[in-house]
Amino acid sequence: MTDTPETAPETPAQAPITDSPPDRLSVNPRSEFHDWDLLRRGVGIRYNGVERTNVEEYCISEGWIRVAAGKSLDRKGNPLTIKLSGTIEAWYKS
């Protein structure tokens with residue numbers, strides 16, 4: 001035993017708040033990556049240097065987006081999507 005008083009362990013520093021969108025986000029409400037508050041704020045996506053407005057889901061770290069494949073629907077009524085790989089940039093519009 002030591003004569004020094006016991007101290008509470010240090011709390012980890014809180015992560016700094018950044019003004020950048022999450023790594024992965026989806027517009028589908030059934031997805032675990034759906035966040036209505038972020039979508040309402042407005043997220044812009046640039047895929048290979050071109051701004052896209054029809055993105056259903058994206059992942060920056062893995063480098064892909066999902067876009068609707070025309071007007072085709074699956075048997076549950078959801079749009080069929082195509083996964084495109086490339087360079088992804090995301091930002092808040094407002």
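Note: the structure precedes this text.
About the thresholds
Residues numbered from 1 in each chain as written. Predicted model: local features only at pLDDT ≥ 70, side-chain atom pairs only at ≥ 80, totals over all residues. Heavy atoms only, no water. Helix = DSSP H or I, 4+ residues; strand = E, 2+ residues; numbered from the N terminus. Buried < 20%, exposed > 50% of the residue type's maximum accessible area, 1.4 Å probe, protein only. Contact = heavy atoms within 4.5 Å. Salt bridge = Lys/Arg side-chain N within 4 Å of Asp/Glu carboxyl O. Phe/Tyr/Trp six-rings, centres within 6.5 Å; stacked < 30°, edge-to-face > 60°. Lys NZ or Arg CZ within 6 Å of the ring centre and 35° of its normal. Core = buried A, V, L, I, M, F, W, Y, C linked by side-chain atoms within 4.5 Å. Pairing = 2+ DSSP bridges. Axes fitted to C-alpha atoms, helices over the stretch in contact; angles between N-to-C directions.

(A) Region of interest: the overall build of the chain. Of the regular secondary structure elements, the chain holds 1 helix and 7 strands. Secondary structure elements of the chain, listed N to C terminal, follow the sequence β-α-β-β-β-β-β-β. Within the chain, the fraction of its 94 residues that count as buried is 21%. Once local pairs closer than 6 in sequence are excluded, the contacts in the chain between residues at least 24 apart make up 50%.

(B) Here's a closer look at the pattern of salt bridges. Enumeration over the complete set of coordinates arrives at 4 salt bridges. A salt bridge links Glu57 to Arg24; the shortest N-O distance between them is 3.1 Å. With a gap of 33 residues between them, Glu57 in strand E4 (residues 55-59) and Arg24 in strand E1 (residues 24-26) connect regions that are remote in the sequence. Asp37 is the salt-bridge partner of Arg40, the closest N and O atoms lying 3.6 Å from each other. Of the two residues, Arg40 and Asp37 are both situated in helix H1 (residues 36-41); the distance of 3 residues between them amounts to about one turn of the helix. For Arg40, a relative accessible area of 59% corresponds to the exposed category.

(C) Fine view of the packing of aromatic side chains. According to the stated counting rule, one finds 0 aromatic pairs in the structure shown. Directly above the aromatic system of Tyr92 lies the positively charged group of Arg41, at a separation of 3.7 Å from the ring centroid. Seen from the ring of Trp64, Lys83 lies directly overhead, with NZ or CZ sitting 4.7 Å from the centre.

(D) Main features of the nonpolar core. Among the nonpolar cores identified, the biggest contains 11 residues, and these are Leu25, Leu38, Val43, Ile45, Tyr47, Val55, Tyr58, Ile65, Val67, Ile88 and Tyr92. Among the elements of the structure, strand E2 (43-47), E4, strand E5 (64-73) and strand E7 (88-92) are those that each provide at least two residues to this core. The element contributing the most residues to this core is E2, with 3 residues. Excluding anything up to four places from it in sequence, Ile65 contacts Ile45, Tyr47, Val55, Glu57, Tyr58, Ile82, Lys83, Leu84 and Ile88.

(E) Region of the structure containing the sheet that holds strand E3 (residues 50-52). If you walk across this open sheet you meet the 3 strands as E3-E2-E7, and the pairing is antiparallel. Since the sheet does not close on itself, it has two edges, and those belong to E3 and E7, each with one partner. The average undirected angle you get between the axes of adjacent strands in this sheet is 30 degrees. One ladder, built from 5 bridges, connects E2 with E7; its direction is antiparallel. Looking at E7, one finds that Tyr47 is bridged to Ile88.

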